[in-house]
Amino acid sequence: MEEDSENQSIKRESSVEPDSSSPPSPKITARWNPSEPCRPSVDDAPIFYPTNEDFDDPLGYIEKLRSKAESYGICRIVPPVAWRPPCPLKEKNIWEESKFPTRIQLIDLLQNREPIKKSTKSKKRKRRRVKTGYTRRKRDSGGDTSSSSDGEGKFGFQTGPDFTLEEFQKYDEYFKECYFQAEDHTGSKAFESKKFKPKVKDIEGEYWRIVEQATDEVEVYYGADLETKKFGSGFPKYSPGHLKCEADQYSKCGWNLNNLSRLPGSVLAFESCDISGVIVPWLYVGMCFSTFCWHVEDHHLYSLNYLHTGDPKVWYGIPGNHYASFETAMKKRLPDLFEEQPDLLHQLVTQLSPRILKEEGVPVYRAVQRSGEFILTFPKAYHSGFNCGFNCAEAVNVAPVDWLVHGQNAVEGYSKQRRKSSLSHDKLLLGAAMEAVYSLWELSLFKKKTPVIARWKRVCSEDGLLTKAVKKRVQMEEERLNNLQDGFSLLKMEGDFDIKRERECFLCFYDLHMSASSCKCSPNRFACLTHAKDLCSCENKERFVLIRHTLDELRALVKALEGDPDAIDEWASKCRDQYPPQHQRVKEYSYLQASSFSKSRGSSKVQQREQSNLQSVSEHLQSDLTTNKEVQLKQDGDQNVNCINDKSAVTDVKLGEGGKFDEKKILVESQNRHSVSDVGCSDMAKKLDGCLEGKDQEAATNRLRHSVELLSTGSLVVKKLWCSKQAIYPKGFKSRVKFLSVLDPTKLTNYISEVLDAGLLGPLFRVSVEDYPTENFSNVSVEKCWQMVTQRLKLEIIKRCDQPVSSLTSLQPLESINGHEMFGLISPHVIKVVESLDPKHQLEEYWNQKAVKLFGAEPTKEEEKDDTEKGGASDPSLDRDTRLLRGLLKKATPEELVMMHGLLCGEARNTELTEELSTLVDKMEKSP
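Throughout, a residue's number is its position along its own chain's written sequence, starting from 1. In view of the model being predicted, local features appear only for residues whose pLDDT reaches at least 70, and side-chain atom pairs are presented and counted only at 80 or more, with totals across whole chains, interfaces and linings using the full set of residues. With hydrogens and water excluded, all non-hydrogen atoms of the structure serve as input to the side-chain values.

**Student:** Provide a residue-level description of the overall build of the chain, including the pertinent values.
**Tutor:** For the purposes of this entry, the term helix denotes a DSSP run of H or I that reaches at least four residues, the term strand denotes a run of E that reaches at least two, and both are numbered from the N terminus. Counting its secondary structure elements, the chain contains 34 helices and 29 strands. By definition, residues are in contact when any of their heavy atoms lie within 4.5 Å. Of the contacts made within the chain by residues no fewer than 6 positions apart, 78% connect residues no fewer than 24 positions apart.

**Student:** Residues and numbers for the packing of helix α18 (residues 465–482) against helix α19 (residues 551–562), please.
**Tutor:** To get an axis, fit a line to the C-alpha atoms, keeping to the stretch in contact for a helix; angles then go from 0 to 180 degrees between the N-to-C directions. One way to put it is that α18 packs onto α19 with a least axis distance of 10 Å and a crossing angle of 165°. What the angle tells us is that α18 and α19 run roughly antiparallel. Judged by the twist between their axes, the crossing of α18 over α19 is left-handed. Packed against α18, whose contacting residues are Leu466, Thr467, Val470, Lys471, Val474, Glu478 and Leu481, the element α19 presents Leu551, Leu554, Arg555, Leu557, Val558, Leu561 and Glu562 at the interface. When residues are sorted by character, Ala, Val, Leu, Ile, Met, Phe, Trp, Tyr, Cys and Pro go into the nonpolar class, Asp, Glu, Lys and Arg into the charged class, and all the rest, Gly among them, into the polar class. Along the lines of polarity and charge, the residues of the contact of α18 with α19 split into 9 nonpolar, 1 polar and 4 charged. If an angle is under 35 degrees, it is roughly parallel; if it is over 145, roughly antiparallel; if it lies from 65 to 115, roughly perpendicular; otherwise it is oblique. Each crossing gets its handedness from the near helix: less than a right angle anticlockwise from the far helix is left-handed, clockwise is right-handed.

**Student:** Account for the packing of aromatic side chains, naming residues and giving values.
**Tutor:** Pairs of aromatic rings are described using the distance from one ring centre to the other and the angle between the two planes. Classification of ring pairs uses Phe, Tyr and Trp, with its six-membered ring standing for Trp, and accepts pairs whose centres are within 6.5 Å; under 30 degrees between planes counts as stacked, over 60 as edge-to-face, and the remaining range as tilted. One pass over the structure, following the stated rule, counts 43 aromatic pairs. With 5.2 Å between their ring centres and 55° between their planes, Trp294 and Phe326 make a pair best called tilted. With a gap of 32 residues between them, Trp294 in strand β11 (residues 291–295) and Phe326 in helix α11 (residues 323–333) connect regions that are remote in the sequence. Here Phe326 falls in the buried class, since its relative accessible area comes to 0%. Ring geometry for Tyr729 versus Phe765: centroids 5.1 Å apart, planes at 85°, classification edge-to-face. Within this pair, whereas Tyr729 is found in the loop between β25 (708–712) and β26 (734–740), its partner Phe765 is found in strand β28 (residues 763–769), the two being separated by 36 residues in sequence. Neither Tyr729 nor Phe765 differs from the other in exposure class; each is buried. Within the aromatic cluster, the residues linked to one another by ring pairs are Trp32, Phe175, Tyr179, Phe180, Tyr207, Trp208, Phe289, Tyr316 and Phe386. For a lysine, the NZ atom is tested; for an arginine, the CZ atom; a charge sits over a ring if that atom is within 6 Å of the ring centre and within 35 degrees of the ring normal. Residue placement shows Arg503 over the ring face of Phe497; its charged tip is 4.8 Å from the ring centre. Buried, partly exposed and exposed residues are distinguished by accessible area as a fraction of the type maximum, computed with a 1.4 Å probe on protein chains only: under 20%, between the cut-offs, and over 50%, respectively.

**Student:** Tell me what's going on with the sheet that holds strand β13 (residues 313–317), and back it up with residues and numbers.
**Tutor:** Strand order across the open sheet formed by 5 strands is β2-β14-β13-β16-β11, with mixed pairing between neighbours. Here the strands that pair on one side only, and so sit at the sheet edges, are β2 (43–44) and β11. Pairing between strands requires that DSSP locate at least two bridges from one strand to the other. Taken together, the 5 bridges between β13 and strand β14 (residues 365–369) define a ladder with antiparallel strand orientation. When the sheet's bridge partners are listed, Tyr316 is paired in β14 with Arg366.

**Student:** Could you give me a rundown of the side chain of Arg473, with the residues and numbers involved?
**Tutor:** Residue position: Arg473 is located in helix α18. For Arg473, a relative accessible area of 2% puts it in the buried group. If we skip the residues at most four places from it in the chain, Arg473 touches Gln408, Asp426, Leu429, Arg480, Tyr510 and Met514.

**Student:** Tell me what's going on with the pattern of salt bridges, and back it up with residues and numbers.
**Tutor:** Throughout this description, the term salt bridge denotes a Lys or Arg side-chain nitrogen within 4 Å of a carboxyl oxygen of Asp or Glu. What the rule picks out here adds up to 39 salt bridges. Of the charged contacts in the structure, one is a salt bridge between Arg419 and Asp298, with a shortest N-O distance of 3.5 Å. Separated by 121 residues along the polypeptide, Arg419 in the loop between α15 (404–417) and α16 (425–446) and Asp298 in the loop between β11 and β12 (302–310) bring together distant segments of the chain. Exposure remark for Asp298: the relative accessible area of 4% places this residue in the buried category. Between Glu775 and Arg792 there is a salt bridge, with the nearest N and O atoms lying 3.0 Å from each other.

**Student:** Please give an account of the packing of α16 against α18 that cites residues and values.
**Tutor:** Orientation of α16 relative to α18, taken along the N-to-C sense of each, is 130°, at an axis distance of 10 Å. Comparing their axes, α18 and α16 come out oblique. Considering the relative orientation of α16 and α18, their crossing is left-handed. Two secondary-structure elements touch here, α16 through Asp426, Leu429, Ala432, Ala433 and Ala436 and α18 through Leu466, Ala469, Val470 and Arg473. Considered class by class, the residues forming the contact of α16 with α18 number 7 nonpolar, no polar and 2 charged.

**Student:** Can you lay out the confidence of the model for the chain for me, pointing to particular residues and giving the numbers?
**Tutor:** Per-residue confidence for the chain gives a mean pLDDT of 76, with 66% of residues at or over 70. Scored below 50 in pLDDT, residues 803–810 makes 16 contacts in the model with residues more than four places away or belonging to other chains. Confidence per residue, as judged by the predictor, is encoded in pLDDT with a range of 0 to 100.

**Student:** Give me the lowdown on the environment of Ser251, citing residues and values where you can.
**Tutor:** Relative to the assigned elements, Ser251 resides in helix α9 (residues 248–251). Separated by 15 residues in the primary sequence, Ser251 and Pro236 have C-alpha atoms spaced 5.0 Å apart. For Ser251, the residues in contact, after removing those within four places along its chain, are Pro236, Lys237, Tyr238, Asn256 and Asn259.

**Student:** Could you give an account of the pairing of strand β17 (residues 391–398), with specific residues and numbers?
**Tutor:** Summarising burial for β17: 8 of the 8 residues are buried, a large majority. Burial of β17 is two-sided: the residues Asn391, Ala393, Ala395 and Asn397 facing one way and the residues Cys392, Glu394, Val396 and Val398 facing the other way are all buried. Bridge analysis of strand β10 (residues 282–286) against β17 gives 5 bridges, and the strand direction is antiparallel. Note on β17: the bridge partner recorded for Gly286 is Asn391. Pairing between β12 and β17: 8 bridges, direction antiparallel. Bridged to Ser303 within β17 is Asn397.

**Student:** Tell me about the sheet that holds strand β20 (residues 522–527), and name the residues and values.
**Tutor:** If you trace the 4 strands from one edge of the open sheet to the other, you get β18-β21-β19-β20, paired in mixed fashion. Only two strands of the sheet have a single neighbouring strand rather than two, namely β18 (489–492) and β20. Across the sheet, the axes of successive neighbouring strands diverge by a mean angle of 35°, strand direction being ignored. Across 5 bridges, strand β19 (residues 515–519) lies against strand β21 (residues 543–547) in antiparallel orientation. What sits directly across from Cys519, in β21, is Arg543.

**Student:** How would you sum up unusual backbone geometry? Please name residues and give values.
**Tutor:** In this structure, His300 takes a positive phi of about 60° despite not being glycine. One can find His300 in the loop between β11 and β12. On the basis of relative accessibility, which here comes to 6%, the residue His300 falls in the buried class. Located in the positive-phi region is Ser461, a residue other than glycine, with phi close to 70°. Mapped onto the elements, Ser461 comes out in the loop between α17 (451–458) and α18. Overall, Ser461 belongs to the partly exposed group, its relative accessible area being 37%.

If you want it as structure tokens, here you go:
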């Protein structure tokens, strides 16, 4: 991916007034000299031409070509001929009207410059000037990772003028005409009679002449790191409810960079925040000679760059296994610059010719990217390049499972360098592991290997890439815990520990998603396990370590990835409670691209931009979800985590992670989606009212949820979990209900509700959109299953509105949705059919509760006491059900006794009670 930097620059003489508001006109004095080209002699990177079948699976194709291309650092991918996505940037309202900012690049100073502190003492060189007509420069601290004082004395790219795409294209055309004009032997300008169009090799040779010789001052503009949420993406975006058109196939395509990062199989799908430049693409608008300097991707991620339109882009790549030798060569050839600025390579402002790198034994490969083509860069591969003219490109990161080992090495290196990270590696690692375990569990349960499940299965087993990555991380965690001194207490980490805010080590900025150390003296200050002892000078008994998972749990996770059935069942349950299945999240993010609650790269990559209206959304939803917490949380009980060497120092901690993680995740995702406003709030409310068919929305909602169509009754399973006091859950049960669509809340759609067999876990409840079966929601709780639907529906409504959630009265009926009702399990016509499956009343929990409802309340304490004195219903030798029914017999009317007799005689499971009841009925029938 291309990146840029903004720091203090060397100022040059301006050729126009600083307050000029119109785009500058270039005044070119230097000229191309074709007799002095410096085109480096390097080999070409490989080019791949995927078939239509290959192109259906982006991550699968990347995995396929990795063994062939990774040794080059970069490669070029030419899509099938028929794949030509429309470019929204070319629409008139964007092309001619939307402005974007630029940065000023001093091409002749990218390699040959002196340190800032020494430049004032240096001897001036004789240089020709290429004036761009604008040198109004001021330091833009918004793009700098350091404070303004830190930026002083650093070379970088400064703010340039704003352009529209149309203006920038004309600017570049005139620049190239002036710069590359050819002269004949008489000295006349050839381009005046016939425009000369330089070839890529001509531009490349001249570019490196400027960089290496630095005899001409060449200053250009570059529109880099443009946020696609603000300016717009070059790919079409999916919008639920819009009329179908040709762009739909491209809006949902995996090669659409708006979708790539969160495709199933990319571990970036487990990052809930829309990190600008990593998960949300950045746009790049280039002109001739504009440059992206040598750099490696944050966290050593893969990157994919697509050239939408315009002139070619020339790339250079270094294989990832030559990462260290490249850095050594840079420091050797530019010692003064690195002495003044040790983190120079992080600033992305320095070039070094491929010719020089080859002299130092570093292999370099070239790729010329043309319009409609992709460039893929591999983990840890340094890359750079420049533009041959006006063009528009878009880039984003992606992280297949094989990246995890590179990402782990990256964060360990950041820790040693005291460098902040862009994302939580441990969160991605655990998320991927849990998704893989859930897929293994589904495979063992349903015996159906979907492409997504197959991909996760390939990275598991003892030798799987994911298993190895998790195992290595668990070993690191164990070693670090063992290295702690005696006396540290281990406590269970709250599920929302790093949801509200990022948690990082106070010293090295290591991410603290998996574990964190703190002390009673400063409970809101944390350290990683490596620097736990450096946090303060308190005694060890005052200190504690928070852990998300115990070592035993983490070892069980490794066993689950290796294929142990018991460990898979154990962790599959945790996966459903703590992390929603990835395929649901991916679908959500492919539809909901816009976000106002995001992270940005560069200087603000670890800061989230919170807006006041989003804060109100968070508070309202938090209140909403807290009210329903009793329904949502899964009670796991209290668990103890022992102190390393002293069990007496342990504090028992209630986990409660089950619903809590989902609750906070919903808040974050709702914030991410709140900025989109496809439909105004008032229009949305009116449409919702129309869908609900009436002014009384609650009554209309009741009508909707009661109109359940039974599709399949299923079969009875006589096991403990296959019924409750409310309903019987037949295996294979299926029903249909019409309700508001999670894809477009202004419309109604059919949902299919099913009861599946989850083995030892009992029934698995699944709700899916009938027309889009991949849009489904599963849970072992029937109530939670439909709560997932309504929460998704609420988020979709919020996403379309630009007012506070508290003003959306249309959300209120969703709070009363009952899962049993939506399944139809407590609808009279369904109850009758389902109960017929159990004529012998084998599901005792359900039938006993039904008897209570039919014949009155449970016995009072006074009645139980009276029965005990008489040796009756409360006899301790009798089970609770028997005591309960005996109490009911005393309160029953003659008609109720006859009905109860019929119920109990359905199965002679309690001979004593049956005989007692028969005697009472006989006496009743004989009495006058």
